[in-house]
Amino acid sequence: KQEVTQIPAALSVPEGENLVLNCSFTDSAIYNLQWFRQDPGKGLTSLLLIQSSQREQTSGRLNASLDKSSGRSTLYIAASQPGDSATYLCAVKFSGTYKYIFGTGTRLKVLA
Amino acid sequence: GAVVSQHPSWVICKSGTSVKIECRSLDFQATTMFWYRQFPKQSLMLMATSNEGSKATYEQGVEKDKFLINHASLTLSTLTVTSAHPEDSSFYICSARSEQETQYFGPGTRLLVL
């Protein structure tokens, strides 16, 4: 069964810290992987999309890496800010499928 | 970037009524649209995939007679929750796939059934 898991479920850090969010998936044959941000009661904001052939993507203070062989992706947030507080979701599109399977999310709280 | 809209953003209804939610791709044509449901503090779960001009494909455990999906054009898909009950209260999110196979997500519709 194709599954996506995110650890930790919740994280609280002081402002300015660098942090890493983890995503693991059960099948290394993926088409792409996407990281989203979701604010409470809101929809999804796409942060980074990594294609199967890529190892990482960067956007501002965010860096996402992909290691298909180990079934892992990490989202690195540098110099965290209170405005980064949100739930971060990892979604994987496995090869041969048309749909994304979402992880359970990591609820991040950055303290001022 | 491409934009997907949903209407309404909020809906409150009485138990037993039907509610229709629209999902539109504003600046691209989407042959495929997806409907997700998210319960509080849980992740998104795919409910069904709709292809323009054909019947939707429902995920296991999703009642097709309760959640009616119509994808009548390349820019519009609708989800109708029939005879809604309190347990149907949830956040419904659609996504649309462009011809370049990129998926764009809508802002979501929060349904509260009293």
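Just so it is clear, the model here is predicted, and its values are computed rather than measured. (Residues numbered from 1 in each chain as written. Chains lettered and ligands numbered in written order. Predicted model: local features only at pLDDT ≥ 70, side-chain atom pairs only at ≥ 80, totals over all residues. Heavy atoms only, no water.)

Below, the discussion takes up the pairing of strand β5 (residues 44-51) of chain B. Residues and elements named next belong to chain B. Burial of β5 is extensive: six of the eight residues sit out of reach of the surface. The pairing of strand β4 (residues 32-38) with β5 spans seven bridges and is antiparallel. Note that in β5 the partner of Arg 37 across the bridge is Met 45. In this antiparallel pair of consecutive strands, β4 and β5, the connection spans five residues, and Lys 41 shows a positive phi of 60°. When β5 meets strand β6 (residues 57-58), the two strands line up antiparallel, connected through two bridges. Across the sheet, Thr 49 pairs through a bridge with Thr 57, a residue of β6. Joining the antiparallel neighbours β5 and β6 is a turn of five residues, in which Gly 53 adopts a positive phi near 85°. (Buried < 20%, exposed > 50% of the residue type's maximum accessible area, 1.4 Å probe, protein only. Helix = DSSP H or I, 4+ residues; strand = E, 2+ residues; numbered from the N terminus. Pairing = 2+ DSSP bridges.)

The next point concerns unusual backbone geometry. With omega at 0°, the peptide bond leading from A:Ile7 into A:Pro8 counts as cis. Along the chain, A:Pro8 falls in the loop between β1 (4-7) and β2 (10-14). The residue after B:His7, namely B:Pro8, is reached through a cis peptide bond having omega 0°. Note that B:Pro8 resides in the loop between β1 (4-7) and β2 (10-13). In this structure, B:Lys41 is a non-glycine residue whose phi angle is positive, near 60°. Relative to the assigned elements, B:Lys41 resides in the loop between β4 and β5. On the accessibility criterion, B:Lys41 (77% relative accessible area) is exposed. The phi angle at B:Ser83 is positive, at roughly 45°, despite the residue not being glycine. Relative to the elements of secondary structure, B:Ser83 occurs in the loop between β8 (76-81) and β9 (90-97).

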